[in-house]
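Report on the structure
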Amino acid sequence: MAIIGHKEELGDPRLTRLAQADDIPWYRKPNLRFLYLIMIPTCLGVEWTSGFDSSMMNSLQAVKSWTDYFDNPTSSRLGLLNAMYSLGALMSIPFIPTISQSLGRRRTILFASSIMFLGAALQTASTNSDMFLASRWILGFGIPFAIVNASSLIGELSYANERAIMTSLFNASWFVGAIIAAGTTYGTFQMSSTWAWRLPSLLQIVPSMFQVGFMYWCPESPRWLVSRDRGEEALEILRRYHGEGKGGEEFVRLEFALVQATLGQERELKKRFVWADVVRDAAMRRRFLIAAVVGFFTQWSGNGLLSFYMKKILGLVGITDNRTVQKVILSNTCWGFINAVPIALIAPRFPRRTMFLTCTIGTACVYTVWTVASARSAIENSAAASIPVLVFIYVYSPFYNIGWNALAYTYMVEIFPYEQRSKGIAVEQLTVRFAVFFNTYVNPIALDAIGWKYYVVYCVWILVEIATVYLLFPETHNRTLEELSFMFEGKEAQERVAKNVEIELANVDAKETETKEAVEHKA
């Protein structure tokens, strides 16, 4: 339980108990197995684009043909080239809830993929820095639409027993794109032609091609279908993918009733103006505050330096050879993937607050040692100090992944009801992009100006993160989405939902009886 705010009130636990009683693993359920496999290219693949972009822009700084072609960009110009991606993302945020609710999860992802197709093509064909900047803006404009809807679709389609793990794997997929970009750039960086950077830019189209190519076989969110009065389609999807386990029919009946009742309650409370829910009441303000905090912390925990400016970090401790820099970037990205996947499988099994505190305390310790080693290298001019810096660059990754990588989207999906979920993740993306814009634009200037002393800022800031997590974050572990929908609204809201659930169950039973009687009558 969070220290600040009212005690959380959880909803009807019957669905959680039914899921816990189902001991049939997902891989022995053919339809659910297919669903999880099709989510790899259609949903998890969205993060491949994000990871590819960050890693590519990090690596291009050590590609001579890129720096020569764009006139060896200064710190401020380099910052702008990186930050333009976030600026494009910031411009798209206000439109995400409306377009998501209008098109649905699947078609919004396809819409975003089309935008990113255009951006990657323009980036590949760039003939000057202005054209490159425009392509970065277009890519950035498209990515939040895809991230918000892909992460929501994973949470809304996955079976209760695997939902937290699937949403945790979403962020871990970032490393797939990052490894491909780092590996491609390592393979092309010695090319003398502009294809040393054009080829990685062209490959940025590939993840979007996966979304477009495989989305036909991915079902729509049942919650979106219910919100559009297409309940029969939603029920059919739930039966197909959630009804294969022990007590599957009872699970689907109760899940459908909970979705209907919860969405009915949400409709009564939501405001007509799409963004008015942000400040609607104390409960909703708390949700959006947590979303903003999570977005900012995921990018301002020191990871921005590693994601975009590894060349400058290594330069501060005397490592300047471009081939060595490329090797460190590639190996660190591979190491991130190696530890991120098992962490994504393990972290959701533990309380969220425990994992977030482990993450923040661990990164604080790493940054402290890293800062001391960098200071020694600068003050004593000691080459030996580069060794602990390198070591703790690699140690940083597991601690960061325990919380901000594995659980960020899992937590966002859990704390928001359906009607506000796209808005909540959009707000999280808003602060992500503000933080990344700051990181990408300010970090190179600060590193050039004050060197290792800039790390002290992060050491202090991560202490603020520890306090915020401890005081503000509620516990959501081991609960279904509908149980968590009104956890901040109090017992009265929960009782209304419980009453509506019984009404919806009666309606489902009545429809099933009518269907059986109609079939028997025809026979």
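What you see as residue numbers is a count from 1 along each chain, following the sequence as written. Local features in this predicted model are restricted to residues whose pLDDT is 70 or higher, and side-chain atom pairs enter the listing and the counts only when it is 80 or higher, whereas totals over whole chains, interfaces and linings include all residues. Side-chain descriptors were evaluated using all non-hydrogen atoms of the structure, hydrogens and water having been removed beforehand.

**Thoughts on the packing of aromatic side chains**
- Centre distance within 6.5 Å is the pairing criterion for rings of Phe, Tyr and Trp, where only the six-membered ring of Trp is used; planes under 30 degrees apart are then read as stacked, over 60 as edge-to-face, and the remainder as tilted. In the structure shown here, the tally under the stated rule is 39 aromatic pairs.
- Ring geometry for Tyr216 against Trp217: centres 5.4 Å apart, planes inclined by 85°, an arrangement best described as edge-to-face.
- Judged by relative accessible area, which is 66%, Tyr216 ranks as exposed.
- For the exposure calls, accessible area comes from a 1.4 Å probe over protein chains only, and a residue counts as buried if that area is under 20% of its type's maximum, exposed if over 50%, partly exposed in between. For Trp217, a relative accessible area of 45% puts it in the partly exposed group.
- Seen in terms of ring centroids, Tyr367 and Tyr455 are 6.3 Å apart; in terms of plane orientation they differ by 80°. Their pairing is edge-to-face. Highlighted residues: Tyr367 in helix 19 (residues 352-380) and Tyr455 in helix 23 (residues 454-472), separated in sequence by 88 residues. A single burial state applies to Tyr367 and to Tyr455, both of which are buried.
- Here Arg198 stacks its cationic end above the ring of Tyr69, 5.4 Å away from the centre of that ring. A run of H or I in DSSP counts as a helix once it spans at least four residues, and a run of E counts as a strand once it spans at least two, with each numbered from the N terminus. We call a charge positioned above a ring when the Lys NZ or Arg CZ atom is no farther than 6 Å from the ring centre and deviates by at most 35 degrees from the ring normal.

**A look at the environment of Ile503**
- Tracing the chain through its elements places Ile503 in helix 25 (residues 491-522).
- Residue classification places Ile503 among the partly exposed positions, given a relative accessible area of 44%.
- Residues Ile503 and Leu169 lie 334 residues apart in sequence; the distance between their C-alpha atoms is 36 Å.

**Topic: the nonpolar core**
- Working definition of a nonpolar core: buried Ala, Val, Leu, Ile, Met, Phe, Trp, Tyr and Cys residues. They are joined through side-chain atoms within 4.5 Å. Ranked by size, the top nonpolar core spans 154 residues in total, and within it Trp66, Ile290, Tyr367, Trp404, Met412 and Phe473 carry the most contacts.
- Counting residues per element, this core draws most heavily on helix 7 (residues 129-157), at 14 residues.
- Here a residue-residue contact requires only that any non-hydrogen atoms of the pair lie within 4.5 Å. Beyond its immediate chain neighbours, meaning those up to four positions away, Trp66 contacts Met57, Leu60, Gln61, Pro73, Leu78, Leu81, Phe132 and Trp197.

**Description of the environment of Ser92**
- Within the element layout of this structure, Ser92 appears in helix 5 (residues 75-92).
- Note: C-alpha distance between Ser92 and Val389 (297 residues apart in sequence) is 38 Å.
- From its side chain, Ser92 meets the backbone oxygen of Ala89 in a polar contact 2.8 Å long. Think of a polar contact as two N or O atoms within 3.5 Å of one another; within protein, one of them needs to be a possible hydrogen donor and the other a possible acceptor, and neighboring residues in sequence only count if both atoms come from side chains.

**Here's the deal with the packing of helix 21 (residues 408-415) against helix 22 (residues 418-450)**
- The contact between helix 21 and helix 22 brings their axes to 9 Å, and the two run at 140°. For the pair helix 21 and helix 22, the sense of crossing is right-handed. Across from Tyr409, Met412 and Val413 in helix 21, the residues of helix 22 making contact are Arg421, Ile425, Glu428 and Gln429.
- Residue composition of the contact of helix 21 with helix 22, grouped by class: four nonpolar, one polar and two charged. What counts as an axis is a line fitted to C-alpha atoms, over the stretch in contact for a helix, and the angles between N-to-C directions run from 0 to 180 degrees. In this scheme the handedness of a crossing depends on how the near helix is turned from the far one: anticlockwise by less than a right angle means left-handed, clockwise means right-handed. Residues are sorted three ways: Asp, Glu, Lys and Arg are charged, Ala, Val, Leu, Ile, Met, Phe, Trp, Tyr, Cys and Pro are nonpolar, and all the rest, Gly among them, are polar.

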